[in-house]
Amino acid sequence: MDDDSGGHVPPRGLNADGTIRREGSLGRVPPAFAPVVAAARSRITGAFDGTRLHSAYIYGSIPRGTAVPGVSDLDLLLVLRTRPTGADEAAARAVEAGLDADFGQIDGVGALLTSTDAVTSELERHDLGFFLACLCTPLLGEDLAGRLPHYRPTPLLARETNGDLVLSLPRWRRRAAEATTDAERRNLSRGAGRRIVRSGFTLVMPRWRGWTSDLAESAEVFARYYPDHPERIEQMRLAAHTGRNPSADPAVLSTLIEDLAPWLAAEYVAVHGEKAPRH
């Protein structure tokens, strides 16, 4: 396929037909994390019976095979048969806490909860649906990817995945202002850094015509299309570094949240438009 400079380049993260290839598999889980994944499967099954849990997935560096023991976190998506309840949330938090306490290989656990109706809805087709179909690896139950379309790196996908970055800014600012420990600041910097870099990447994804979840590569792809913004390029590289190596430095948080993110949110809407509103 050709990029916008006219040169021929091989597909990146794509299938032969130009659709985005599902990243990650249980076969790529590093040996050090195999016990963690096995325990996650067992504990999720114990916490949610068959009448509540439809399917479970793992995503992030562990199924991509790039996780680092003692540094990487465990990311889970739990799809319930109906809308999650308070009891479901409590069960998920208990699974998170138990896994985090019992396995030193991981630095934190996050379990997202949703429902089958939400994942397969028209509204979420190019956001949550894409996330499950392309970025999540099946762990338990029926794989809902079979009910979803094949995705391409289009402006529609860009808009619906990250066209709402501006909504994160008030929350990040509040958390930064209320943070009292280095651990809280590091946690915020990691989440904000990752979200910013992924938004920077999807901003230019339709022009690059490929897919990657690698933070460093994402920052360099962004840099390729914003050569006249050297300051933003360096800030994006900082965000990528922070996403992998969280910082408690208030100056880093300020650069990401008060400078880079607002610029990126405005640029994103100017290029791709606003994401369809959610309730």
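As a starting point, this report considers the structure included with it. As the structure is a prediction and not an experimental result, all values here were calculated from the model.

1. Quick notes on the overall build of the protein
For the protein, the helix and strand inventory stands at 11 helices and four strands. Computed over its C-alpha atoms, the radius of gyration of the protein comes to 19 Å, within 12% of the 19 Å expected for a compact globule of 279 residues. By principal-axis analysis of the C-alpha atoms, the protein measures approximately 55 × 50 × 40 Å. Evaluated residue by residue, the protein yields a buried proportion of 50% over its 279 residues. Within the structure as shown, the protein displays about 12,700 Å² of accessible surface, and the carbon and sulfur contribution to it stands at 53%.

2. Let's talk about the packing of helix α8 (residues 182–208) against helix α11 (residues 250–272)
Following both chains from N to C, one finds α8 and α11 inclined at 25 degrees, their axes separated by 10 Å at the closest point. In terms of axis orientation, α8 runs roughly parallel to α11. The handedness of the crossing between α8 and α11 comes out as left-handed. In this structure, α8 uses Arg185, Leu188, Ser189, Gly193, Ile196, Ser199, Gly200, Thr202, Leu203 and Pro206 to contact α11, whose residues at the interface are Leu253, Leu256, Ile257, Leu260, Ala261, Leu264, Glu267, Tyr268, Val271 and His272. When the residues that make up the contact of α8 with α11 are grouped by side-chain class, the tally is 12 nonpolar, six polar and two charged.

3. A word on the packing of aromatic side chains
For the coordinates displayed, the defined rule picks out eight aromatic pairs. Each ring, one from Tyr59 and one from Phe131, has its centre 4.8 Å from the other, and the planes form 80 degrees; the classification is edge-to-face. Note that Tyr59 is positioned in strand β1 (residues 53–59) and Phe131 in helix α5 (residues 128–135), a separation of 72 residues in sequence. Side by side, Tyr59 and Phe131 carry an identical accessibility label, which is buried. For the ring pair Phe201 and Trp211, a centre distance of 5.4 Å and an interplane angle of 80 degrees mean the geometry is edge-to-face.

4. A few points about the sheet that holds β1
One open sheet holds the four strands; their spatial order is β3-β2-β1-β4, and the pairing between them is mixed. With one partner strand each, in any of the chains shown, β3 (109–115) and β4 (136–141) form the two edges of the open sheet. The mean inter-strand angle of the sheet, taken between neighbouring strand axes irrespective of direction, is 25 degrees. By the bridge criterion, six bridges tie β1 to strand β2 (residues 74–80) in an arrangement that is antiparallel. Among the inter-strand pairings, Leu53 is bridged to a residue of β2, identified as Leu80.

5. What to know about the environment of Asp17
Mapped onto the fold, Asp17 is located in the segment before α1 (34–47). Separated by 206 residues in the primary sequence, Asp17 and Ala223 have C-alpha atoms spaced 27 Å apart.

6. Let's talk about the nonpolar core
Grouped together as the largest cluster of nonpolar side chains are 55 residues, with contacts concentrated most on Leu77, Phe130, Leu132, Trp172, Ile196 and Met236. Ranked by residues supplied to this core, first place goes to α11 with 10 residues. If we ignore the near neighbours within four places in the chain, the residues touching Phe130 are Ile20, Glu124, Arg125, Leu135, Tyr151, Leu157, Thr161 and Trp211.

7. What about the environment of Ile62?
Take Ile62: it is sitting in helix α2 (residues 61–64). Through-space distance from the C-alpha of Ile62 to that of Ser25 is 9.0 Å; in sequence the pair is 37 residues apart. Setting aside anything within four residues of it in sequence, one finds Ile62 in contact with Arg28, Val29, Pro30, Phe33, Val37, Ala67, Asp73, Leu74 and Ile106.

8. Things to note about the pattern of salt bridges
Evaluation of the coordinates by the stated rule reveals 22 salt bridges. A salt bridge links Arg278 to Asp127; the shortest N-O distance between them is 3.9 Å. Of the two residues, Arg278 sits in the segment after α11 while Asp127 sits in the loop between α4 (116–119) and α5, which places them 151 residues apart along the sequence. Given a relative accessible area of 27%, Arg278 falls into the partly exposed group.

9. Describing α1
An α-helix turns once every 3.6 residues. As a result, residues three or four positions apart point the same way. Across its 14 residues, α1 extends 20 Å between first and last C-alpha, which sits within 8% of the 20 Å expected from 1.5 Å per residue. What α1 keeps buried is the set Val36, Val37, Ala39, Ala40 and Ile44. Summarising the axial view, the buried residues of α1 lie within an arc of 160 degrees, below the 170-degree limit, and thus occupy one face. Buried positions along α1 lie against β1, α2, β2, α3 (86–102) and β4.

10. Side note on the side chain of Ser72
Along the chain, the position of Ser72 falls in the loop between α2 and β2. Given the relative accessible area of 9%, Ser72 is considered buried. A distance of 3.5 Å separates a polar atom in the side chain of Ser72 from a polar atom in the side chain of Ser61. Reaching out from Ser72, the side chain makes a polar contact with the backbone nitrogen of Val68 at a distance of 2.8 Å. In this view, Ser72 contacts Phe33, Ser61, Ala67, Gln105, Ile106 and Asp107; residues no more than four positions away in its chain are not counted.

Criteria and thresholds
Residues numbered from 1 in each chain as written. Predicted model: local features only at pLDDT ≥ 70, side-chain atom pairs only at ≥ 80, totals over all residues. Heavy atoms only, no water. Helix = DSSP H or I, 4+ residues; strand = E, 2+ residues; numbered from the N terminus. Rg over C-alpha atoms; globule rule 2.2 N^0.38 Å. Buried < 20%, exposed > 50% of the residue type's maximum accessible area, 1.4 Å probe, protein only. Areas by Shrake-Rupley, 256 points an atom, 1.4 Å probe, with all protein chains shown as cover. Axes fitted to C-alpha atoms, helices over the stretch in contact; angles between N-to-C directions. Parallel < 35°, antiparallel > 145°, perpendicular 65-115°, else oblique. Left-handed = near helix turned anticlockwise from the far one by under 90°. Contact = heavy atoms within 4.5 Å. Nonpolar A, V, L, I, M, F, W, Y, C, P; charged D, E, K, R; others polar. Phe/Tyr/Trp six-rings, centres within 6.5 Å; stacked < 30°, edge-to-face > 60°. Pairing = 2+ DSSP bridges. Core = buried A, V, L, I, M, F, W, Y, C linked by side-chain atoms within 4.5 Å. Salt bridge = Lys/Arg side-chain N within 4 Å of Asp/Glu carboxyl O. Expected span 1.5 Å × (residues − 1). Arc of directions from axis to C-beta. Polar contact = N/O pair within 3.5 Å; in protein donor to acceptor, adjacent residues only side chain to side chain.

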